[in-house]
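Examining the three-dimensional arrangement
Given next are the chains, with one letter for each unit.
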Amino acid sequence: MIFLPQHDQMDCGPACLAMVAAHYGKEYSVQYLRNMSYITREGVSLLGISDAAHKIGFKTMAGTLKPENIDQNFLPLILHWNQNHFVVLYKVSKNIFNGKRTYKIADPGHGYISLSEEKFKQSWISIGEEGVALFLEPTEEFYQQTPPKEEKLSAAYLFNYLKPFKKQISWMFLLLLLGTLTTLIFPFLTQKLIDDGVTKKDLSIITYILLAQLTFFLGNIIFGIFRNWIMLVVGTKINIQIISDFLKKLLKLPIRFFDTKLMGDFNQRIQDHERVESFLTSQSLITLFSIITFSVFFGVLWHYDYRILLVYMTLTVFSVIWSLYWMKKRKMLDYFKFQRRSENQESIYEMINGVSEMKLNQFEEFKRNEWNKIQQKLFKINIRILKLDQIQLSGFEFINQIKNIMVTFLASSFVVHGNMTLGALLSVSYIIGQMNTPVSQLITFFRSLQDAKLSLTRLNEVQTHPEEEQENHVPLLSEKYTTQNGIEKGIYLKNVSFQYEGPKSPFVLKDINIFIPEGKVTAIVGASGSGKTTLMKMLLKFYEPVEGDIEFNHLNINDISPEDLRKNCGVVMQDGFIFSDTIERNIATGDENINYEKLEKSLFISNITSFVEKLPLNLNTKIGAAGNGISGGQRQRILIARAVYKNPHYIFFDEATSALDSENERTIHDNLQDFFKEKTVVIIAHRLSTVKNADQIIVLKNGEVVEQGSHQQLVQNKATYFKLVKNQLELGG
């Protein structure tokens, strides 16, 4: 079974499917399969894995069975593990002496695992004495399909970051070269000191040589200071540029991409960039000069005696092979450490953000224990890494020591037999010591290269992901938009259906046919979970319909630039975000130069002027991230002011006044009426008093349009809308 690790916390299902596909000879990337598995932030379902398996040519069957009924002929199987994870069972073996079974598992979050029947049952059994499994059988279609080639970041992509720093790198190159040359002189000075100074008892020569050694040593220190200074400057600038480019790319990706990611996954990827920067700046250049130093000393050692060089090189090659063997084993552990650290960051982030709710509900101890469990997992991974590192380092050092002893013995025997001077012996010892450093540096370089490659694999998912904005997209208010073309202006939803988790998941919206007229106010109402917010997000191009079309006039939403669409929309979402910045910047957002006339108007319409004036710094008062320090009503009014400030063509309000008291709500409602003139407005609201004056009201129920008309018409119908009004009046009474 070929092992493939999961890249993110929610990737276990696609990683398992990729392993099963690889077992049958087809290499699919985890990223390709995760796109077909309909992963959400909660993870992937067995249904999602099954759908993805069908698309690549597998015949699947999900079911429950007992461990003793698992047939070796049906392996590999994907198992639902510990109620929240997926693994691959690829082998079941039986001990010929005691008859006990051993289960071989490929866990994308931990690696290969061998379990006894008892431990296997503990993790797998979920229903009575049975566990859930997905059977996969490749069909003819599977073998006919060709897996798409995954676009990968190349080394050229990395070295592009070095181009702007050619001058600084040239200086580093020169300083490293000078440092190498000064080091090269030391063995010859050592030989001269012994043979011409000590042996001939000439104090003047000893003094000159020691002064020369001191001068070269000081020169080496000075070169090192300047080199490290340049390296720090270049490394910092490259690191900033790499992370800046990553964030730039990240912010160009579709909203759907972020739905499946957790905070820890992104934090870990930013740390990945630091490893890439370290490889680019320090490791690459130092290794280059280590090779130059090694090559120069190689020639000097050859000059002294080729037999010494032969012994040295044989054992050096052996020590490098030893290190590379253990580094290969360490590669998988790096993936697992990424997972655990991501979980750790996610857990801390959740505790800090949810501290008030935790205290209110006595949830602290439970959450702290959860964090402790993550630490235990991280500790076990670190122990495994330390174990491998110690084996690698101990073996490397032991081989090196044997090499040093053998070379010293060989050189000493040459001195004893009169084939080499004492000065030459000391010179050879010095050279061996200097050659060991580049070899160690080479091992460090290979480890850094491995880290950079692993980091690149994870970054690859972001850097090669298609951007939301495409060249063929047209502006919303283009000439096409202004041309009437014989149709009534407005937004058309034609047979629109939407699902979050794939073709077999429940429909959130089903066969929606709506016309939202230009310059009118349209209200969308319905019980919680009826699909109102999802519908609004589709109008903003956060999600694409799985069936049907959305058109702004006769222009299909798929052809419209997402950036331009949102530029022309003033939006207040249920979960609207308040940035850690001043009030004026929270309202004006992207405007470099704030238009204070527009700002005053937006403050007036959102009825927040008096609140701002009472603050010590007025508009320059800084409010916390996510709106800390302000009430829910104040937060909503800032969000309304932000939407009004844009003076957009479209207004989309999702429960924009739900946190306001009736007095504020009435004032803002009245202020907005003038602002709404000649604008296309879509309002989602539970509180029906805010929507009764709308030009049309659309009633959703279980993702379908059940009623449509004005407030008066719908009340007279005495159907769904009437019941909603009646229930609210009763609750109000």
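Residues numbered from 1 in each chain as written. Predicted model: local features only at pLDDT ≥ 70, side-chain atom pairs only at ≥ 80, totals over all residues. Heavy atoms only, no water.

Overview of the overall build of the chain
The helix and strand tally for the chain stands at 24 helices and 19 strands. Its C-alpha atoms give the chain a radius of gyration of 34 Å, more than 25% over the compact-globule value 27 Å for 733 residues. Taken over the C-alpha atoms alone, the chain extends approximately 120 × 75 × 55 Å along its principal axes. Expressed as a percentage of the 733 residues in the chain, the buried residues total 49%. Considering only contacts in the chain between residues 6 or more positions apart, those separated by 24 or more positions represent 74%. About 37200 Å² of surface is accessible on the chain, with carbon and sulfur atoms providing 57% of the total. Charged side chains in the chain number 79 positive and 75 negative. The centres of these two groups are separated by 6 Å. (Helix = DSSP H or I, 4+ residues; strand = E, 2+ residues; numbered from the N terminus. Rg over C-alpha atoms; globule rule 2.2 N^0.38 Å. Buried < 20%, exposed > 50% of the residue type's maximum accessible area, 1.4 Å probe, protein only. Contact = heavy atoms within 4.5 Å. Areas by Shrake-Rupley, 256 points an atom, 1.4 Å probe, with all protein chains shown as cover. Lys, Arg positive; Asp, Glu negative; His and termini not counted. Charge placed at Lys NZ, Arg CZ, Asp CG, Glu CD.)

Structural notes on the pairing of strand E3 (residues 85-94)
Note: strand E2 (residues 77-81) against E3, five bridges, orientation antiparallel. Considered in E3, the bridge of His80 is made with Phe86. Where E2 hands over to E3, the hairpin turn is made up of three residues, of which Asn82 adopts a positive phi near 55°. When E3 meets strand E4 (residues 101-107), the two strands line up antiparallel, connected through six bridges. (Pairing = 2+ DSSP bridges.)

Notes on the pattern of salt bridges
Considering all chains together, one arrives at ten salt bridges under this definition. A salt bridge links Asp11 to Arg34; the shortest N-O distance between them is 2.7 Å. Note that Asp11 is positioned in the segment before helix H1 (12-23) and Arg34 in helix H2 (residues 30-36), a separation of 23 residues in sequence. Across this residue pair, the class does not change: Asp11 and Arg34 are buried. With a shortest N-O distance of 4.0 Å, Lys121 and Glu117 are connected by a salt bridge. Taken as a pair, Lys121 and Glu117 lie in helix H4 (residues 117-124) at a separation of four residues, close to a single helical turn. (Salt bridge = Lys/Arg side-chain N within 4 Å of Asp/Glu carboxyl O.)

Observations concerning the nonpolar core
Counting residues in each nonpolar core, the largest one holds 45 residues, and the members touching the most others are Phe653, Phe676 and Tyr721. Counting residues per element, this core draws most heavily on helix H21 (residues 632-645), at seven residues. Sequence-distant contacts of Phe653, that is, excluding residues within four places in its chain, are made with Met536, Val572, Ile640, Ala643, Leu672, Phe676, Val682, Ile683 and Ile684. One finds Ile514, Leu535, Tyr543 and Ile560 within the second-largest nonpolar core, a separate group that totals 31 residues. (Core = buried A, V, L, I, M, F, W, Y, C linked by side-chain atoms within 4.5 Å.)

Notes on the packing of helix H19 (residues 596-605) against H21
Where H19 contacts H21, the two axes come as close as 8 Å, and the packing angle between them is 135°. By the angle class used here, H19 and H21 are oblique. Of the two possible hands of crossing, H19 and H21 adopt the one that is right-handed. Across the interface between the two elements, Lys598, Leu599, Ser602 and Ile605 of H19 pack against Ala641, Val644 and Tyr645 of H21. The residue makeup of the contact of H19 with H21, split by class, is five nonpolar, one polar and one charged. (Axes fitted to C-alpha atoms, helices over the stretch in contact; angles between N-to-C directions. Parallel < 35°, antiparallel > 145°, perpendicular 65-115°, else oblique. Left-handed = near helix turned anticlockwise from the far one by under 90°. Nonpolar A, V, L, I, M, F, W, Y, C, P; charged D, E, K, R; others polar.)

Re the packing of H21 against helix H22 (residues 662-676)
A pair of packed helices is characterised by two quantities: the angle between their axes and the separation of those axes. Close contact between H21 and H22 brings their axes to 13 Å; oriented N to C, the two are set at 5°. As far as their axial angle goes, H22 and H21 are roughly parallel. Between H21, through Arg637, Ile640 and Val644, and H22, the contact on the second element is made entirely by Asn664, Ile668, Leu672 and Phe675. Considered class by class, the residues forming the contact of H21 with H22 number five nonpolar, one polar and one charged.

Quick notes on the sheet that holds strand E12 (residues 555-556)
Pairing is antiparallel across the open sheet formed by four strands, whose spatial order is E9-E8-E11-E12. In this open sheet, the two edge strands, each paired with only one partner strand, are strand E9 (509-517) and E12. Where strand E11 (residues 547-552) meets E12, two bridges bridge the pair, whose relative direction is antiparallel. Bridging across to E12, Glu551 finds its partner in Asn556. On the sheet, helix H16 (residues 532-539) packs against strand E8 (490-498), E9 and E11 and is oriented at approximately 120° with respect to E8.

A closer look at the UniProt feature "transmembrane region" (unreviewed entry) in the chain
Feature annotation in UniProt assigns "transmembrane region" (unreviewed entry) to the following positions: residues 169-189, 205-226, 285-304 and 310-327. Across residues 310-327, helical content stands at 100% and strand content at 0%; the span's end C-alpha atoms are separated by 26 Å. (UniProt positions renumbered as here; feature names shortened; annotations may be inferred.)

Topic: unusual backbone geometry
Cis geometry marks the peptide bond from Leu75 to Pro76; its omega dihedral reads 5°. On the secondary structure map, Pro76 appears in the loop between strand E1 (58-65) and E2. At Asp511, a position not held by glycine, the phi torsion is positive, near 50°. Secondary-structure assignment places Asp511 in strand E9. For Asp511, a relative accessible area of 40% translates into the label partly exposed.

Quick notes on the packing of aromatic side chains
Inspection of every chain in the model, using the stated rule, returns 20 aromatic pairs. With a centroid separation of 5.6 Å and an interplanar angle of 50°, the aromatic rings of Trp81 and Phe120 are classed as tilted. Taken together, the positions of Trp81 in strand E2 and Phe120 in helix H4 put the pair 39 residues apart, joining distant regions of the chain. Neither residue differs from the other here; Trp81 and Phe120 are each classed as buried. For the ring pair Phe120 and Trp124, a centre distance of 5.4 Å and an interplane angle of 40° mean the geometry is tilted. Here Trp124 and Phe120 lie together in helix H4, a separation of four residues that amounts to about one turn. For the pair formed by Phe120 and Trp124, the shared burial category is buried. Ring pairing ties together the aromatic residues Tyr24, Phe58, Phe142 and Tyr143, which thus form one cluster. Against the face of Tyr492 rests Lys494, its NZ or CZ located 5.5 Å from the ring centre. Positioned above the aromatic ring of Tyr645 is the side chain of Lys598, whose terminal nitrogen or guanidinium carbon lies 4.7 Å from the ring centre. (Phe/Tyr/Trp six-rings, centres within 6.5 Å; stacked < 30°, edge-to-face > 60°. Lys NZ or Arg CZ within 6 Å of the ring centre and 35° of its normal.)

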